[in-house]
Amino acid sequence: MSRSELIEVLSPAGSFESLKAAVKAGADAVYIGGAKFGARAYAQNLQEEEMMRAIDYAHLHDKQLYMTINTLFKPQEFEELYDYLYPYYREGLDAVIVQDMGVAQLIRDEFPKLDLHASTQMTVMGVEGARFLEELGFTRVVPARELSLEEIAEIRRETNLEIETFVHGALCFSYSGQCLMSSMLGGRSGNRGRCAQPCRLPYDLYENKKKINRKNERYLLSPKDLCSLEILPDILKAGTNSLKIEGRMKRPEYVAAVTRQYRGYVDQYLRQECKKNKQINYHVRKQDLQELKDLYNRGGFTKGYYLTHNGRDMMSMERPNHKGVYVGKIEKIRKNQILFVCQTDIHKQDILEISLGNEQKVELTSPIDAKKGQRVCLNANQIRKLRLGMEIYRTKNAKLLQSIKQDILDIEKKENLKGIVTFCVGKPVMMQLSKENLTISVESDIVQKAQKQPMTKEKLKEQLTKTGGTPFFIEVEQIHMDEDGFLPVGALKKLRRNALEHMEEEIICQKRRNVIAHNAKKQMPVSVPVDRKQTIVSVTTMEQAKTALEIEMVDAIYLLADAIPFEEWETFTKRCHLANKEIYYVMPYVFHKKAKDDWKIHQDLICHGSHQGIVIKTIDEFALIRNFSDFDKIMVLDSSLYAYHPQSADFYRSYAGHQTRMILPVELNEKELNLLQQPNADMVVYGHQPLMISAQCQVKNHLQCEQKPKNLCLKDRYQKEFPVQNFCQYCYNVIYNGEILNLTNMDAQLEKLKLGGRIYRFTVENREQMKAVFQGSFNKKNYTKGHFKRGME
């Protein structure tokens, strides 16, 4: 089977128990984190011994195990990677999921037989990035969740990569890998597996100081969970190979039940697809969707971005957590009891919830079973806060959880073996076991001639098929025996035990690897002359760009592509040159189909115009520009490309093929930036830091889409402000930190970094505010030093 023909159900595991649950429920592969470097630092990640056992368990049952190494590495951590990964590679680990390009290069060089999967954290948005990853030796890409079926199909047509897409579970509000909100607000970086989920907190949205979101809708950044069962055939036809279930923080019961559902529907689809000349009759049962809602949903499900770019119906604005299943509404209240009519069956020990608003609730435990349509009377606490008409939801289905335990978790997974036994007097008893293409033979004691009662075929088969707590069944297909032979039962037990142990070891050993000696490559200090000391202004509007022309100390302008029509670019470039200022074209934050279509039309202008260079924000843009043969400008790598250690920085520089410099990462502290060793780089020293890049639009969700930019503002529960910009040309939002980064008074520390450029980032500022910054008259109270001093986890 070629990689493009593979269809795989891929399940999450945050513990060894969840791994077993996934395998028992029918997963083809499982992804799991080890003790370090995984994007779920707070899961019950496996230590080395348990991870080795997990690899063996998966292989014993003919499943694949993928390990997450999908965080960004700090400079001092990179040296730990080889020793960390070595034992798992030797044991037969099937693949690693990677975000960090320096990490990917080391794995490719040192562990060449290990498949590389590109994490969704890389924010791959199209063919350009995917093709580049294939060139680097990746075997699979997990593209951004925001891709449409059409965009996935294009990657399938243009590459030989396996494609893995999320089909169920939680969605991030931001493009994966492009969220710094948790990092900047609390020091817990999502790029380091420590996201504190600020997207699940309440916010209000303001326009011109007027609140515009509805009173009962405060979770403005909280998407519903994804459920794609109903469009599974479309996802598979688009070219997805691996159907990925999110949930490494979920319990084994969740993993088992969701895996079982997707296994069943994939099998249904494949069975019908095999029927030639017949229309596929694919149908999802309501009770199966109900079961998934019982397990976890945030106000229902969304089909995600496969069919639509954004919208209110994808969001769970009334609550950010499990809503459960609707069971009725209060019809009567008497003394300490409520009465309601069941809208679905409820069971003894079900947990029922009544929301009181403001994150308060009343919980009840059902003492009875009741059928749909039955009138129920239950005791309730906080009775004075309850009102007629309040809705009741079930947030824990006790019967469902018990059935999952009995039907999946408590049943041991066993592999079927075919057996042949030779039992001849005067010769060692021999047992041959086979599993697919693997066959082993084991001999034991010499068969004796029976003095009294000889061994019968029935008794021999009975003893040799008692597999007990082993992971096997034995089906004895042939017995070649003398009728007067005899062996004690203990000898048969020994034969069976030795045969099963030998078979288990042989199955596991098939994927183990020999490893050649490690040749550690020492990182040589980068020798780059610091030939400039520029003051750079980064702008997002034409008003800001024109203002920058008037500020004498500005040497260069980074102008976002979204801000200026293509036909005006050369005219403005000439104005910059007349003002003795360099001008750089800044590629958009997202590079979807519309941006690529514009690129095809205007690529000659972008690559051959009279500007000095291009600022690259995504891996797709990087791949596109590096392949432009006669590109002769400076390529500036934005901090969103994430080079947190010298090896990643060197990777981008070596593959760029052009004059290259980088904008230093915003999550590293002063010490880590010095360890990065990137002289002549640029660094943001002032401005509102982008925290989230999102396909969701606050204007569209709460006002009306007019395809015009608006300056909105989110406020959290502490009244902290987060400016929001909507970029309509390519349809995305940027949410900024309301606290302004200000390192302008840290000259001594910045000098040690040997910077080539200091960037003043202007986003929501007007003309007067921009000029005030350079005049030193701006408000210096509402500012932060970001991670420059404190760093992040």
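For the structure itself, look to the data block above.
Draft legend 1. Structural context of the sheet that holds strand β24 (residues 472–481). Ordered by their spatial adjacency, 4 strands build an open sheet running β22-β21-β20-β24, and the pairing between neighbours is mixed. On the outer flanks of this sheet lie β22 (438–446) and β24, each paired with one strand and no other. Between one strand axis and the next, the sheet turns by 20° as a mean value, whatever way the strands run. Pairing geometry for strand β20 (residues 415–423) and β24, over 9 bridges, is parallel. Across the sheet, isoleucine 420 pairs through a bridge with glutamine 478, a residue of β24. Seen against the sheet, helix α12 (residues 457–464) touches β20, β21 (428–435) and β24 and runs at an angle of roughly 150° to β24. Here helix α13 (residues 489–509) sits on the sheet in contact with β20, β21, β22 and β24, set at roughly 155° to β22.

Draft legend 2. Representation of the side chain of lysine 581. Topologically, lysine 581 is positioned in the loop between α15 (569–578) and β28 (582–586). Apart from residues no more than four positions distant in its own chain, lysine 581 is found in contact with Ala548, Leu549, Ile551, Glu552, Val554, Asp555, Ile557 and Cys576.

Draft legend 3. How the structure looks around helix α6 (residues 149–158). Restricting attention to buried positions, one finds in α6 the residues Leu149, Glu151, Ile152, Ala153, Ile155 and Arg156. Residues of α6 that are buried sit in contact with α5 (127–136), β6 (140–141), β7 (162–169), α8 (232–238) and α16 (593–608).

Draft legend 4. Broad picture of the packing of aromatic side chains. Counted according to the given criterion, the structure contains 26 aromatic pairs. Plain terms: the ring middles of tyrosine 589 and tyrosine 732 are 5.9 Å apart, the flat faces sit at 65° to each other, and that makes the pair edge-to-face. Separated by 143 residues along the polypeptide, tyrosine 589 in the loop between β28 and α16 and tyrosine 732 in strand β35 (residues 732–742) bring together distant segments of the chain. Residue tyrosine 589 shares its accessibility class with tyrosine 732, and that shared class is buried. Here the aromatic residues Phe132, Phe622, Phe651, Tyr652 and Tyr655 are joined through ring pairs into a cluster of three or more. Over the ring of phenylalanine 166 we find arginine 145; its NZ or CZ atom is 3.9 Å from the centre of that ring. When the ring centre of tyrosine 254 is taken as reference, the NZ or CZ atom of lysine 250 above it lies at 5.0 Å.

Draft legend 5. Region of interest: the environment of threonine 456. Tracing the sequence through the fold places threonine 456 in the loop between β23 (448–449) and α12. Separated by 28 residues in the primary sequence, threonine 456 and aspartate 484 place their C-alpha atoms 8.8 Å from one another. Only 3.1 Å separates the side chain of threonine 456 from the backbone nitrogen of lysine 459, close enough to count as a polar contact.

Draft legend 6. Summary view of the packing of α5 against helix α17 (residues 619–626). Contact geometry of α5 with α17 gives a least axis separation of 7 Å together with a crossing angle of 75°. With respect to α17, the element α5 is oriented roughly perpendicular. Counting all contacts with α5, which are made through Val127, Glu128, Gly129, Phe132, Leu133 and Glu135, the residues of α17 involved are Ile619, Asp620, Phe622, Ala623, Leu624 and Arg626. When its residues are assigned to classes, the contact of α5 with α17 shows 7 nonpolar, 1 polar and 4 charged.

Draft legend 7. Up close: the side chain of histidine 61. Secondary-structure assignment places histidine 61 in the loop between α2 (48–60) and β3 (64–69). Its relative accessible area of 2% is what places histidine 61 among the buried residues. Excluding residues within four positions of it along the chain, histidine 61 makes contact with Val23, Lys413, Lys414, Glu415 and Pro471.

The rules behind these values
- Residues numbered from 1 in each chain as written.
- Predicted model: local features only at pLDDT ≥ 70, side-chain atom pairs only at ≥ 80, totals over all residues.
- Heavy atoms only, no water.
- Pairing = 2+ DSSP bridges.
- Helix = DSSP H or I, 4+ residues; strand = E, 2+ residues; numbered from the N terminus.
- Axes fitted to C-alpha atoms, helices over the stretch in contact; angles between N-to-C directions.
- Contact = heavy atoms within 4.5 Å.
- Buried < 20%, exposed > 50% of the residue type's maximum accessible area, 1.4 Å probe, protein only.
- Phe/Tyr/Trp six-rings, centres within 6.5 Å; stacked < 30°, edge-to-face > 60°.
- Lys NZ or Arg CZ within 6 Å of the ring centre and 35° of its normal.
- Polar contact = N/O pair within 3.5 Å; in protein donor to acceptor, adjacent residues only side chain to side chain.
- Parallel < 35°, antiparallel > 145°, perpendicular 65-115°, else oblique.
- Nonpolar A, V, L, I, M, F, W, Y, C, P; charged D, E, K, R; others polar.

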